[in-house]
Amino acid sequence: MYSGAACQARGPYFLKTQTSNPFPESERSNMQRREFMLKSSFALAAMATSDLWLSRIVAGETPSTKLPILDTYFQVSKAEMDRLLAACLARGADFADLFFEYTVSSILSFEEDTVKSARRGIVQGVGIRAIKGDQVGFAFSEDLTMESMMQAAQAAAAIANDKNARIKAKAIGEISTRNLYPIGELATTTDLNKKLAHIQQANTAAKAYSPKIIRVTCSFTDEVKYLAYANSDGVSWQDMQPLFLFGTTCIAEDGTQRQTGYDAGGGRIGLEYFAKKRDAAAVAKEAARLAVLNLGAQEAEAGPQTVVLGNADSGILLHEAVGHGLEADFNYKKLANYSGRVGQKVASELCTIVDEGLFENMRGTINVDDEGNAPSQTVLIENGTLRGYMNDRISAKQLGVKNTGNGRRESYNYAPMPRMTNTYMLAGKSDPEEIIKSVERGIYAKRFSGGSVDITKGDFNFAVTESYLIENGKITAPLKGVTLIGNGPDVMTKVTMVGNDLKFTDGGWTCGKNGQSVPVGMGIPTVKVSEITVGGTKTKA
Amino acid sequence: MQDYKNLATEIVAEFKKQGADACDVYITTNSQFNTTVRLGQVERLQQSISKGLGMRLFKNNATALTYTTDFTDRSVKSLVKETLEIVKVSGADKFNGLAPKEYLGTYEGRLMLFDDALARLAPERKIEMAREAEAAGRAFDKRITNARGTSWFDSTGQLTLANSDGFVGQYPSTSASLSVQLVAEENDIKQTDGWYTFNRYVNKLDSAKSVGEEAARRAISKLGGKKVKSQSVPVVIDRLVAGQLVGWVFGAASGRSIFRKSSFLVDQMGKDIASQLVTIVDDATMADGPGSRPFDAEGVKSSQVTVVENGILKNYVCDSYSARRLNLRPTGNAARSYQSLPGVGSTNLYIKNGTSDPQAMIRSVKSGLYVTSLFGFGFNGVTGDVSQGANGFWIENGELTYPVQEITLAGNLTKLMKNITAVGNDLSFKFGSSAGPTLLISEATIGGA
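Quantities reported herein were computed from a predicted structural model and do not represent experimental measurements.

Caption draft 1: Structural detail: the overall build of chain A. Of regular secondary structure, chain A possesses 13 helices and 26 strands. Taking all 541 residues of chain A together, the buried fraction comes to 67%. Roughly 17,300 Å² of accessible area belongs to chain A as shown, and the carbon and sulfur atoms make up 49% of that amount.

In structure tokens form, the structure reads like this:
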């Protein structure tokens, strides 16, 4: 999982949008097949606070207004969609779907007290899929002419090779979805000068934080996706998915030493984020604080240590150590270490872990998944016992279980697969201060830049950007260059205390899997893990 | 495939007419075929043609970019207008602009970017190769119990760039790859690993059988992996990992990182940043190189640049903006997609071959780690601090023994590069466009049990 532009574990210099090398740069890292997550200044952010619990219930009651997206952006009639679906089924596929997307994106980059560049783009296309059993034929087209779309439908249909269709598509009827992302002022269509005002506020705040701050970079990244969908089961829906991220990067200098700090905020929300949740200055100050803090950070000791994970961002533990391993595609293929273990104890009894795409305005929230199913509250692990997996259409059929509405895709360029939405651990009973006090010597890890996992063996890692030494129950010196590494199923049994302070992230987390990136949210209370291997530069004296 | 030279020059002309000081248009088209076979069955079949167009404008020293996948006249015209509108919010920056005219051009030497034979390769044959590779891997050893998928991927693309200084360039390219991912199992422990082959030319790919067998060998070799104690030891860096290290150095030597002071190589020009055994080159003009190209993303003619020579930092790598900021010349390293503004990217980036025999390098280590992969996000380019997850094999008395997993490798990249005491003679671009020979580093810190 990541909150940045990297798409596989390619290293921090890889920008997803740069394609100077025609070869998939992911070849090498694909061999690792690490599902991952990363946070950096290029991504869109998750937003969350504890009051979202309440918002969810309210949001659930709000019906969405029917949007004329199909007519406005695609000008494709129901009769034409019927013909395309029929073409997909013509060679014996048992299911087909059409995914129309029109995405408007905008980026403002601000550096050296000025807007360095303004960017805006429109990407449109249709992704067409035919399924037979668990075999998938897929094609997309950026030309929305009937001729091009029909070619794509025929290419997708080729996954099956019968002479005739086996089934007919059902009549298309639109389903209504909830509106889990009510918007005050949509970032992508607002006056650029309004965004600029927030950026300037952040720039001023970061510079004022400390004379050690020598460079401030702000970026305002936003998009709105207009989506229309139809499948051969007769299900169709339309959705407007907004997403924005405001991020600040600071460089601090002290003598010859330099350090960097980054923070971001946003979600499926409009500019009202700044008034409702955090203002731009608060985001910038946090970035400045991290940069200055790390100037004084000392080297960490390598080896197994007791680790206290702070609330919110440490949700990365759930995402890597548990989440990916519980995506059902890996499990019906028996590829994950959690395969066939439903009902077994896989974590400490203190752990109850849930995936839920229903929190209002949160980054991983969806009104409907990319196959037409409502997202749900999916209990993955309950008091340490594995309860189930996250499913899409294919995996649910293969496993003979309920579809949990986790079928997601990056864009019309890709077919959907089981993905996380907002993944979190329920609060426990411990006072966070008591958790710190209980540690004689260890590490308190609070913020992270990214992580990855090998879902077959379960080994995960994550890179820490804010951590401290714990000595005699007290948080002391900040540490630098810390990576945590462990085995998911092993580490989850070593969770010995869970705090009462569940919090969701407000950082920009994006999850990468098989080359596709999707925005996700996560949350966790303060958690104590009795032992994780710490990657540091010092060896024990 | 359509020729978009005319479209590109028309947009440039339209921008000029509407009052642009300068502009460029960058168009990419791509036709892809992609299939995955798992346990003998076709799991995925994907075929698509995609395209994108980005237009970059300079006006009063400010810049803006718009992009689209819709090439219709109406869409393009409205974007031209939009670009002229949004540039008003951008601030003036005297370093903005196209690449200086004297650097523009197309490298005329032999690059071998396009393989005609790819177009003649039937989809059935591609599926068959994937099947063959997977079958060879599964038959290799009975401990191979499952497969994560074997994928064939190929792409035929064309890039077109035109700017208001009269540069018009275009080149087609092809690529193909075959990758196998298998699961090995023993004593209820599963391990996964894989192998791949890629090339611009289909007939230069390794055989399907050899790729499948190598994937099996790698998955099996990880069985029985364990942690080792935390300690500081010599490490031998596999070629796959050397390519990663050189990528980090390149990123830190990027002009964009330097002027932002977000690099550990700030103020290091002309200084020792690595062992004198280390020379690092980026060469866009290699015949048959996976990263070769005739010009960069701003139209700067391709050339070769020495980044590090005998351990001394010789050049920062620059696009035209960072070159102007640093009062240097653009090195032909501008990289972009149609959706992005130019940044800095590598082409064929490598550590030059040394003279050591890789086997002898392993034999020289009494007790240490042979590193086959580094993963995670624990590299900080501002400080050069490295703290990554690692896999490999333990070296005992000069021999590879058991597989090592769930450990970390940490150190500062400058220190690690200075601690290189032997450089192998086995450089190859078979693994990626960033490459290096086997390296021996005298000391790094392992975090383990």
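From this point, the discussion proceeds with the structure in view.
Caption draft 2: Summary view of the pattern of salt bridges. On inspection of all chains with the given rule, the structure shows 56 salt bridges over all chains. As a salt-bridge pair, Glu 466 of chain A and Arg 289 of chain A come within 3.0 Å of each other at their nearest N and O atoms. Residue Glu 466 of chain A is found in strand S18 (residues 459-471), and its partner Arg 289 of chain A is found in helix H8 (residues 280-295); the two are separated by 177 residues along the sequence. Taking the relative accessible area as the measure of exposure, Glu 466 of chain A reaches 1% and is therefore buried. Glu 14 of chain B is the partner of Lys 17 of chain B in a salt bridge, and the nearest nitrogen-oxygen pair spans 3.7 Å. Of the two residues, Lys 17 of chain B and Glu 14 of chain B both sit in helix H1 (residues 5-17), three residues apart, roughly one turn of that helix. The class of Lys 17 of chain B is exposed, set by a relative accessible area of 68%.

Caption draft 3: Structural context of the nonpolar core. Ranked by internal contacts, the top residues of the largest apolar core, which has 67 residues, are Phe 74, Met 81, Phe 100, Ile 128 and Met 149 of chain A together with Trp 152 of chain B. The element that contributes the greatest number of residues to this core is helix H5 (residues 146-157) of chain A, accounting for seven residues. In this structure Phe 100 of chain A touches Leu 70, Phe 74, Val 76, Met 81, Gly 125, Val 126, Leu 144, Met 149, Tyr 226, Leu 227 and Ala 228 of chain A, once residues within four positions along its chain are discounted. Membership of the second largest hydrophobic core comes to 53 residues, among which are Tyr 273 of chain A together with Leu 7, Leu 84 and Val 87 of chain B.

Caption draft 4: A look at the interface of chain A and chain B. Chain A puts 96 residues into the contact, and the matching count from chain B is 116 residues. With both chains or domains summed, chain A and chain B bury close to 8,200 Å², and 53% of this area falls on carbon and sulfur atoms. Residues Lys 51 of chain B and Asp 143 of chain A are paired through a salt bridge, measuring 3.3 Å at the closest nitrogen-oxygen approach. Inspection of the chain A/chain B interface yields 39 residue pairs in polar contact (both at pLDDT 80 or more). Of the residues forming the side of chain A that touches chain B, the biggest block, eleven residues, is contributed by strand S3 (residues 114-132) of chain A.

Caption draft 5: Region of the structure containing the sheet that holds strand S25 (residues 521-524) of chain A. All names here are of chain A. Pairing is mixed across the open sheet formed by six strands, whose spatial order is S13-S12-S11-S16-S25-S22. The open sheet has two edge strands, strand S13 (385-386) and strand S22 (503-504), and neither has a second partner. Relative to S25, strand S16 (residues 422-425) is paired through three bridges, and the arrangement is parallel. Bridging across to S25, Tyr 424 finds its partner in Gly 523. Seen against the sheet, helix H9 (residues 316-323) touches strand S11 (353-356), strand S12 (377-382), S16 and S25 and runs at an angle of roughly 100° to S25.

Caption draft 6: View of unusual backbone geometry. Residues and elements named next belong to chain A. In this model, Ala 312 sits at a positive phi of 75°, which is unusual for a non-glycine residue. Within the secondary structure layout, Ala 312 lies in the loop between strand S10 (303-309) and H9. Its relative accessible area of 9% is what places Ala 312 among the buried residues. Look at Asn 514: it is not a glycine, yet its phi comes out positive at around 45°. Checked against the element boundaries, Asn 514 lands in the loop between strand S23 (510-513) and strand S24 (516-519).

Conventions and cut-offs
Residues numbered from 1 in each chain as written. Chains lettered and ligands numbered in written order. Predicted model: local features only at pLDDT ≥ 70, side-chain atom pairs only at ≥ 80, totals over all residues. Heavy atoms only, no water. Helix = DSSP H or I, 4+ residues; strand = E, 2+ residues; numbered from the N terminus. Buried < 20%, exposed > 50% of the residue type's maximum accessible area, 1.4 Å probe, protein only. Areas by Shrake-Rupley, 256 points an atom, 1.4 Å probe, with all protein chains shown as cover. Salt bridge = Lys/Arg side-chain N within 4 Å of Asp/Glu carboxyl O. Core = buried A, V, L, I, M, F, W, Y, C linked by side-chain atoms within 4.5 Å. Contact = heavy atoms within 4.5 Å. Buried area = accessible area lost by both parts, 1.4 Å probe. Polar contact = N/O pair within 3.5 Å; in protein donor to acceptor, adjacent residues only side chain to side chain. Pairing = 2+ DSSP bridges. Axes fitted to C-alpha atoms, helices over the stretch in contact; angles between N-to-C directions.

Keep in mind that these numbers describe shape and distance, not what the molecule does.
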